[in-house]
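# Understanding the architecture of this molecule
So you can see what is in the structure, the chains are spelled out below.
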2 protein chains.
Amino acid sequence: MIPRPELLNDLSGSYELSTGAVVSGPAELVDAVRLALAPLDLRPGDSGDIDIRQDPGLGPEAYRLTVGSRGIEITAGGRAGAFYAAQSLHQLLPDASYRFSTRASWLVPGVRIEDAPRFSWRGLHLDVARHFSTKREVLRLIDLMAMHKMNRLHLHLVDDQGWRVESKAYPLLHEVSSHRPRTATNYYKEPESYDDIPHGGYYTLDDLAEIGAYARARCVTVVPEIDVPGHASAILAAYPAFGATGERYDVLDRWGISPAILSPLPPTIEFLTTIFDELIGALGETPFVHIGGDEVVLDHWNEAAEIIAFRDSLGLSSASELQAWFLRRLADALAERGARAVVWDEAFVAGGLREDTVVMPWRGMGVGRRAAAAGHDVVATPVFPLYFDYAEASSADEPMAIGDATSVSDVAAFSPAPAEWSEAERARVAGVQAQLWTERVSDPRTVDYRLWPRSCAVAELGWAGAAGDDFAARLDRHLGRLDAIGVEYRPAAGPHPWQRRRPHRPSVVPIAGMMEKLEAMTHDAESTRPSV
Amino acid sequence: MIPRPELLNDLSGSYELSTGAVVSGPAELVDAVRLALAPLDLRPGDSGDIDIRQDPGLGPEAYRLTVGSRGIEITAGGRAGAFYAAQSLHQLLPDASYRFSTRASWLVPGVRIEDAPRFSWRGLHLDVARHFSTKREVLRLIDLMAMHKMNRLHLHLVDDQGWRVESKAYPLLHEVSSHRPRTATNYYKEPESYDDIPHGGYYTLDDLAEIGAYARARCVTVVPEIDVPGHASAILAAYPAFGATGERYDVLDRWGISPAILSPLPPTIEFLTTIFDELIGALGETPFVHIGGDEVVLDHWNEAAEIIAFRDSLGLSSASELQAWFLRRLADALAERGARAVVWDEAFVAGGLREDTVVMPWRGMGVGRRAAAAGHDVVATPVFPLYFDYAEASSADEPMAIGDATSVSDVAAFSPAPAEWSEAERARVAGVQAQLWTERVSDPRTVDYRLWPRSCAVAELGWAGAAGDDFAARLDRHLGRLDAIGVEYRPAAGPHPWQRRRPHRPSVVPIAGMMEKLEAMTHDAESTRPSV
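Residues numbered from 1 in each chain as written. Chains lettered and ligands numbered in written order. Predicted model: local features only at pLDDT ≥ 70, side-chain atom pairs only at ≥ 80, totals over all residues.

## Some remarks on the overall build of chain A
The line we're drawing: Elements are defined by DSSP. Helices are runs of H or I of four residues or more, strands are runs of E of two residues or more, and each kind is numbered from the N terminus. The globule rule used for comparison is 2.2 Å times the number of residues to the exponent 0.38, while the radius of gyration itself is calculated over C-alpha atoms. Backbone-placed C-beta atoms define the burial measure: a residue is buried with 20 or more other C-beta atoms within 10 Å of its own, exposed with 12 or fewer, and partly exposed in between.
When its secondary structure is counted, chain A shows 19 helices and 20 strands. For chain A, the C-alpha radius of gyration of 24 Å lies close to 24 Å, the compact-globule estimate for 532 residues. By its C-alpha atoms, chain A is 80 × 50 × 45 Å across when sized along the principal axes. Relative to its 532 residues, chain A shows a buried fraction of 54%.

What follows is the structure, encoded as structure tokens:
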């Protein structure tokens, strides 16, 4: 479908877009455009300043945007395409258009844009288990993602340090597992120290429903993660019977890998599938559920007679094979519920995944390539450069981080589907996602600092496949928008004085060495995170 | 003006209000109603589900609301009345209507409400100087206030511990005065301890403009406070020449009253009036500016030869008289800019105020009554029960507070215009306001805890004059709404485990004794906050 000729003939013109301007077109698409340009309070109407046409020939996220002196025309395949056209239109307006204003009028330059994303998965991961993010912060993150045309919010809802969702079936999860009395403040092998400040919180199922609807309206899919069978301390603080040993754990108050592991026996499977039902029931349409599978310490599965007997009854010969069976069983349960499983790369290395399981290669792109070659959809998530709990610079001024250093230009230089991969392997790359683990990120202002502007680069990788050589030159435009929205990003020159969270610690293992260690481990089904 | 007879004849009916329903009436009033019912995404139209009529005979905040089976009718004197009618309408819907939803439909019960506020000043004060609140938290607080029909947001923008606004004329204010390297963690007379975490932040003038516009659209007036001449450490860290001694101070990293004081000489007046111009220029229409006047240690004014000579040249005989002159001079400067000054009660006790200066009697209603008798508009702000940095209960489970204890029922029992005052004195009570000082409130989640639900009671005092005997019975309705919005209020049974911020300290001075000391001090122009 071609934009109206009178528009094409007048591309040199510009169009004045004012508060309360009228949008016409299919209702669903009009709704998407109004949401994307919320500060302008656009009105639906029969023919308007912005006319939207649906063209099923375009992909679901593709769009054409034409601005001429006589009006603005959007053509899109569906809701998402219209939403992204409107986000592009928004980006043509001054940064001030991202602020609330009672009355505004902006001159939009004449353009013709025809665009579609390179990747279908353009994600951010937020660890709300180590430190809770309130509902309003999650909704705001969805807004920020939508503005950057990102479309997958991966919420890490449980870990040793906390469980973050209400459960009607297992209420001790939100009553007991959702909080800890204190949190470690020491760095790695320093003497243990704690803050003596209780931490906790959880989303009610109503909150989750609201988050799901809010995200869907903005073309963001929430990917909930229930990380199993390891990282189980918080669950086992409430329901020790679901553990391998029956032992009651405390919600963990320090970092590192815990030996706490769920049992693979039928009652635990039943427990987890009930949780899946509650999650999916609340969130609504949930195409993906992440089930973790990372950093599992299998020792207890080799010690418990009942588990060994169960393994034998399945004809399996190792705990690693049993783990593969367990995750497969959960993925099957998800498939029955219309959702695909997503796993960390250890689960791929352990083998036995369903073919439709999505793999996240956090230990490097080497294992990602092997997963792609094996036919799995892969979302590029390597520690370097996509773990944003690493500092932006090796400097004593930076807030304390897991390690040094991943700069915004490191992110911009990353290739989610490397040129040296085969075409078939590259075709398996569904997209790219940054991870924000929050061991050292205890408040929303530091979340801002760690995520931005590095996530601007991730957004460009996801949409365009590469951030391009001119990313650095375009960064200022990103920062201007972030300023208007009130995002407390890391300034290019280093942190503001109040963004320094001393005492910073130097990197224990330089990130290059870390990546080599991790890569080596991806060849061993039983290996876990290296000791650092 | 009487609602349409067909509505009055059918008050037993109810009306179904759906997402996208149409509102008709004068544009300004339609806009107010749409904002108040934002989750319903109402559309403006020629005749609608909600019809609004303007009746200049009603006061600016008064309204009539009629819901019958044929529609909803709002009659209002102006924008604010229509906005509050819509807030009442919102309160007739289920709590879930306060959540984001893509599509909803609610049955509104048939009612006829005719209502107007008892007081014109229904305020909340937030100390963003001791701990900064981000722009998004300020905007959210405005939303929460609007939903409770509160209309004055008093922002305490500067104190010894920080300055929170950009200044084009004096950029060191936001560059230097806006942050401190650490913050005291010890309680009162305990040995000093610090957190070693830098703290800071400030609003740009663009942020302030956005806050002002956002507030006005929701019928909230922002009352900025530049607290002078005391509490000056942060200013004097950047511009020591404006101080009484010329000495450079550090932005204060601990609590208590500092001797840092501005000079009363013409360059300081010039500096402050320039700041007023910047503030008012950014915020837009600013009917009130608070200039503090509390807790001033005048010693340096009695020591500096230049200040003594200046005092003599004015024919004044004491530092206290000079302070009165100084505040009067600033109030005159504000009057030239269309704003009335607001002061803490010490400034009233010192004497010499402009007649139109509003007085906030924090040290008790005794001094408030004297200010009212002297013809000043008074906003009831006594420490008990309106300082919300006091704990809700004397319990080791409560987060650390300035002292114990002010419960929500203490607030509900308060009378802003006591029956024992004369009619003329009572007529001078402009309203009521709760204060949240943030020495011990370092994060937005604790702000929620300290403000709510006590602020629900303040809202009722402000609107109805009294919270009424049935307040406790109605509290659950308030809490249900707060739950839907995601406000982490203090539960009636005490804090959630993760809301405890140990170690709690017992009250040093019980609040009753504190109020007696404060009241005694209001008879002495030179007195300041008691040592505790």
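## Points about the confidence of the model for chain A
All names here are of chain A. Applied cut-off: The predictor attaches a confidence to each residue, called pLDDT, with possible values from 0 through 100. What counts as a contact here is a pair of residues whose C-beta atoms, placed from the backbone, lie within 7 Å.
Looking at chain A, the pLDDT average stands at 94 and 96% of residues meet or exceed 70. Here residues 1–8 scores under 50 on pLDDT; set against residues more than four positions off or in separate chains, the count is 15 contacts. This prediction of the complex comes with two scores: 0.97 for pTM and 0.96 for ipTM.

## Let's talk about the sheet that holds strand β8 (residues 111–115) of chain B
All names here are of chain B. What counts here: Any two strands between which DSSP finds at least two bridges are classified as paired. Angles run from 0 to 180 degrees between N-to-C directions of axes, and those axes are lines fitted to C-alpha atoms, restricted for helices to the stretch in contact.
Judged by pairing direction, the sheet is mixed, and its 6 strands sit side by side in the order β3-β2-β4-β6-β5-β8 without closing on themselves. A single partner strand is all that each edge strand has here, and the edge strands are β3 (43–44) and β8. On the sheet, helix α2 (residues 27–36) packs against β2 (22–24), β3, β4 (50–54) and β6 (71–76) and is oriented at approximately 135 degrees with respect to β4. The sheet strands contacting helix α3 (residues 79–91) are β4, β5 (63–68), β6 and β8, and the helix crosses β5 at an angle near 40 degrees.

## Observations regarding helix α19 (residues 511–521) of chain A
Since there are 3.6 residues in each turn of an α-helix, residues three or four apart along the chain are aligned in direction. Residue and element names in this part refer to chain A. Formally: Our arc is simply the arc of the directions from the helix axis toward the C-beta atoms.
Among the residues making up α19, those that are buried are Ile511, Met514 and Leu518. Down the axis of α19, the sector holding all buried residues measures 50 degrees, keeping them to one side. Packed against the buried residues of α19 are α13 (383–386).

## Notes on the relation of the copies chain B and chain A
How we decide: The fit set for superposing copies consists of C-alpha atoms from residues with pLDDT of at least 70 in both; the fit itself is least squares.
Expressed as a screw transformation, the operator carrying chain B onto chain A has a rotation angle of 180 degrees and an axial translation of 0.0 Å, and the superposed copies differ by an RMSD of 0.0 Å. Here the symmetry operator amounts to a two-fold rotation axis. Rotation axis and chain B: the residue whose C-alpha lies nearest the axis is Arg43(B), separated from it by 3.7 Å. When the interface residues of chain B are mapped onto chain A, 100% of them again fall at the interface, so both copies present the same face.

## Thoughts on the sheet that holds strand β3 (residues 43–44) of chain A
Residues and elements named next belong to chain A. If you walk across this open sheet you meet the 6 strands as β3-β2-β4-β6-β5-β8, and the pairing is mixed. Edge positions in the open sheet fall to β3 and β8 (111–115), since each of these has one partner strand only. Here 5 bridges tie strand β4 (residues 50–54) to strand β6 (residues 71–76), and the two strands are oriented parallel to one another. When the bridges of β6 are listed, arginine 53 appears paired with threonine 75. Packing of helix α2 (residues 27–36) onto the sheet brings it into contact with β2 (22–24), β3, β4 and β6, and relative to β4 it is tilted by some 135 degrees. Each of β4, β5 (63–68), β6 and β8 is contacted by helix α3 (residues 79–92), which is oriented at about 40 degrees to β5, the strand it contacts most.

## Here's the deal with the packing of helix α8 (residues 266–283) of chain A against helix α10 (residues 319–336) of chain A
Residue and element names in this part refer to chain A. Note the threshold: What makes a crossing left-handed is the near helix being turned counterclockwise from the far one by less than a right angle; a clockwise turn instead makes it right-handed. Following the grouping adopted for this structure description, the nonpolar residues are Ala, Val, Leu, Ile, Met, Phe, Trp, Tyr, Cys and Pro, the charged ones are Asp, Glu, Lys and Arg, and the polar ones are all others, Gly among them.
Interhelical geometry of α8 versus α10 gives an angle of 35 degrees and a closest axis separation of 10 Å. Helix-helix and strand crossings are classified by hand; for α8 and α10 the assignment is right-handed. When α8 is examined against α10, the residues Ile269, Leu272, Thr273 and Phe276 are found in contact with a partner set consisting of Arg329, Leu330, Ala333 and Leu334. Tallied by class, the residues present in the contact of α8 with α10 amount to 6 nonpolar, 1 polar and 1 charged.

## Observations regarding unusual backbone geometry
All names here are of chain B. For the bond from valine 228 to proline 229, the omega torsion is -5 degrees, close enough to zero to count as cis. With respect to the helices and strands, the residue proline 229 is situated in the loop between β15 (221–228) and α7 (233–238). Residue alanine 405 is reached from aspartate 404 by a cis peptide bond, and omega for that bond is -15 degrees. Mapped onto the secondary structure, alanine 405 falls in the loop between α13 (383–386) and α14 (408–412).

## Examining the interface of chain B and chain A
In this complex, chain B contributes 31 residues to the contact, which on the side of chain A involves 31 residues. Of all the secondary-structure elements, those providing two or more residues to the side of chain B that touches chain A are β3, α4 (135–147), β14 (199–200) and α6 (205–217) of chain B. The biggest single contributor to the side of chain B that touches chain A is α6(B), with 5 residues. Looking at the side of chain B that touches chain A residue by residue, the class counts come to 10 nonpolar, 8 polar and 13 charged.

## Quick look at the domain arrangement of chain A
Residue and element names in this part refer to chain A. Quick reminder of the rule: The domain limits used here are those given by an automatic or database domain assignment.
Along its sequence, chain A is carved into domain 1 (5–115) and domain 2 (121–521). Centre-to-centre, using C-alpha coordinates, domain 1 lies 35 Å away from domain 2. The partner domain 2 presents 10 residues to the 10 residues of domain 1 that form the contact. Counting residues per element, the side of domain 1 that touches domain 2 draws most heavily on α3, which supplies 5 residues. Of the residues contributing to the side of domain 1 that touches domain 2, the split by class is 6 nonpolar, 1 polar and 3 charged.

## Details of the pairing of strand β16 (residues 288–292) of chain A
Residues and elements named next belong to chain A. Among the 5 residues of β16, 5 are classified as buried, and the element is accordingly described as predominantly covered. Residues Phe288, His290 and Gly292 of β16 are buried on one face, and the alternating residues Val289 and Ile291, pointing to the opposite face, are buried as well. When strand β15 (residues 221–228) meets β16, the two strands line up parallel, connected through 2 bridges. The partner of glutamate 225 across the bridge, within β16, is histidine 290. For β16 and strand β17 (residues 340–344), the ladder comprises 3 bridges, and the chain directions are parallel. Bridge pairing in β17 links histidine 290 to valine 342.

## Things to note about the pairing of β4(A)
The pairing of β2(A) with β4(A) spans 2 bridges and is parallel. Across the sheet, Ser24(A) pairs through a bridge with Asp51(A), a residue of β4(A).

## Brief notes about the environment of Glu192(B)
Residues and elements named next belong to chain B. By the secondary structure assignment, glutamate 192 is in the loop between β13 (179–180) and β14. For the pair glutamate 192 and aspartate 312, spaced 120 residues apart in sequence, the C-alpha separation works out to 41 Å. Ignoring anything within four residues of it in the chain, the contact list for glutamate 192 reads Ala184, Asn186 and Arg254.

## A short note on the environment of Ser120(A)
All names here are of chain A. With respect to the helices, strands and loops of the structure, serine 120 is situated in the loop between β8 and β9 (121–127). On the basis of neighbour counts, which here come to 16 C-beta atoms within 10 Å, the residue serine 120 falls in the partly exposed class. When neighbours within four sequence positions are excluded, serine 120 is seen to be in contact with Ala430 and Gly431.

## Considering the environment of Ser193(B)
Residue and element names in this part refer to chain B. Looking at the secondary structure, you find serine 193 in the loop between β13 and β14. Here serine 193 falls in the exposed class, since 12 other C-beta atoms lie within 10 Å of it. Residues serine 193 and arginine 254, 61 residues apart in the sequence, show an inter-C-alpha distance of 9.3 Å.

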